[in-house]
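Residues per chain, in single letters:
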Amino acid sequence: MGTRLLQRFLPIINNTFRSRSNLNRHGERIIYAPTNFIAVRNYAKGKDKGKEKKGKSTKIEINPAMMSEVVAVDKIQERCKAAIEKLKDDFAKNLSLRSTTGSIESLPVKFEGKEYELQELAQIVRKNPKTIVINFSSFPQVIPDALKAISKSGLNLNPQQDGTTLFVPVPKVTKEHREALAKNAKALYIKCRDSLKDVQNDFIKKVKKQTGISEDLAFNVTKQITAMCDDYQNEAKSIYETKHIELVGK
């Protein structure tokens, strides 16, 4: 385009040069070149538009009605919500900055193949602000399982055993204590995230096993299952990040 424009205006430029030529007093020819001529090159517009759009992710629209033709949408939501609620419950019970008697009371303990709350197996009292006393005189055989549950609780407790009684010092809120709680919070979040991925994988397998449905429908439903579970994973991540900030202050 630029070359064609130059060819078009070249005669005009030459005529201008000739018309404005003159001789000085020494007989030398002086040519005046126009100073207001601008050569313009036109570039193809939109040539790189594809590059601008490249990398932008397309949001998957979730259509429960479509999904229900292939899988039980309510079951997906039920399992995902259960995983989220468990994460919230674990955070509330096990990741308090100050270990309370209430947290100890509701601590789950596995005993003889069943799960009990610690308060069902022992008498729990707060002797003073710095010490919790757990009396197992009624069920002394459960003490090893209780100690195991306490050590894995994320409460950062170090109980001292005296016969059938455990004396549990309440730890101070130190930087190390906060970091220990934050580490346990991440472990609980990862466990929740893995549960949500299991839900996703289970239902995608069910779609692949379906017969009598089109490939397009199977493909679309698979994408929507992934998108739905991703939403729950984002919710779990948001809950974890909020708890992390609460625990470590950043």
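Residues numbered from 1 in each chain as written. Predicted model: local features only at pLDDT ≥ 70, side-chain atom pairs only at ≥ 80, totals over all residues. Heavy atoms only, no water.

Where an unreviewed UniProt entry is consulted, the protein chain appears under the name Ribosome-recycling factor, mitochondrial, with the organism given as Papilio xuthus. Under Sequence similarities (unreviewed entry), UniProt gives the following word-for-word description of the protein chain: "Belongs to the RRF family." (UniProt positions renumbered as here; feature names shortened; annotations may be inferred.)

Colleague: Teacher, can you tell me more about the pairing of strand β4 (residues 114–117) here?
Modeller: Remember that side chains alternate between the two faces of the sheet whenever the strand is regular. Alignment of strand β3 (residues 108–111) against β4, held across four bridges, turns out to be antiparallel. The residue of β4 that forms the bridge with valine 109 is tyrosine 116. Joining the antiparallel neighbours β3 and β4 is a turn of two residues, in which glutamate 112 adopts a positive phi near 55°. (Pairing = 2+ DSSP bridges. Helix = DSSP H or I, 4+ residues; strand = E, 2+ residues; numbered from the N terminus.)

Colleague: Mind showing me how you'd approach the packing of helix α4 (residues 73–94) against helix α9 (residues 215–248) here?
Modeller: Helix-helix packing: each pair is described by the crossing angle between the helix axes and the interaxial distance. As a packed pair, α4 and α9 sit with axes 11 Å apart at the nearest point and diverge in direction by 10°. As judged from the angle between their axes, α4 and α9 are roughly parallel. Contacts between α4 and α9 involve Val73, Ile76, Gln77, Cys80, Lys81, Ile84, Leu87, Lys88 and Phe91 from the former and Ile225, Met228, Cys229, Tyr232, Glu235, Ala236, Ile239, Tyr240 and Lys243 from the latter. Across the contact of α4 with α9, the residue classes tally to 13 nonpolar, one polar and four charged. (Axes fitted to C-alpha atoms, helices over the stretch in contact; angles between N-to-C directions. Parallel < 35°, antiparallel > 145°, perpendicular 65-115°, else oblique. Contact = heavy atoms within 4.5 Å. Nonpolar A, V, L, I, M, F, W, Y, C, P; charged D, E, K, R; others polar.)

Colleague: What am I meant to see in the packing of aromatic side chains here?
Modeller: Think of a pair of aromatic rings as described by two things: how far the centres are apart, and how the planes are tilted against each other in angle. All chains considered together, the criterion is met by one aromatic pair. Centroid distance tyrosine 189 to tyrosine 240: 5.0 Å. Interplanar angle 10°. Geometry classified as stacked. Of this pair, tyrosine 189 sits in helix α8 (residues 175–209) while tyrosine 240 sits in helix α9, and the two are 51 residues apart along the sequence. Take tyrosine 189: its relative accessible area is 10%, and that puts it in the buried class. A residue is classified by how much of its surface remains accessible, and tyrosine 240, at 13% relative accessible area, is buried. Between the NZ or CZ atom of lysine 206 and the centre of the ring of phenylalanine 203, over which it lies, the distance is 4.5 Å. (Phe/Tyr/Trp six-rings, centres within 6.5 Å; stacked < 30°, edge-to-face > 60°. Buried < 20%, exposed > 50% of the residue type's maximum accessible area, 1.4 Å probe, protein only. Lys NZ or Arg CZ within 6 Å of the ring centre and 35° of its normal.)

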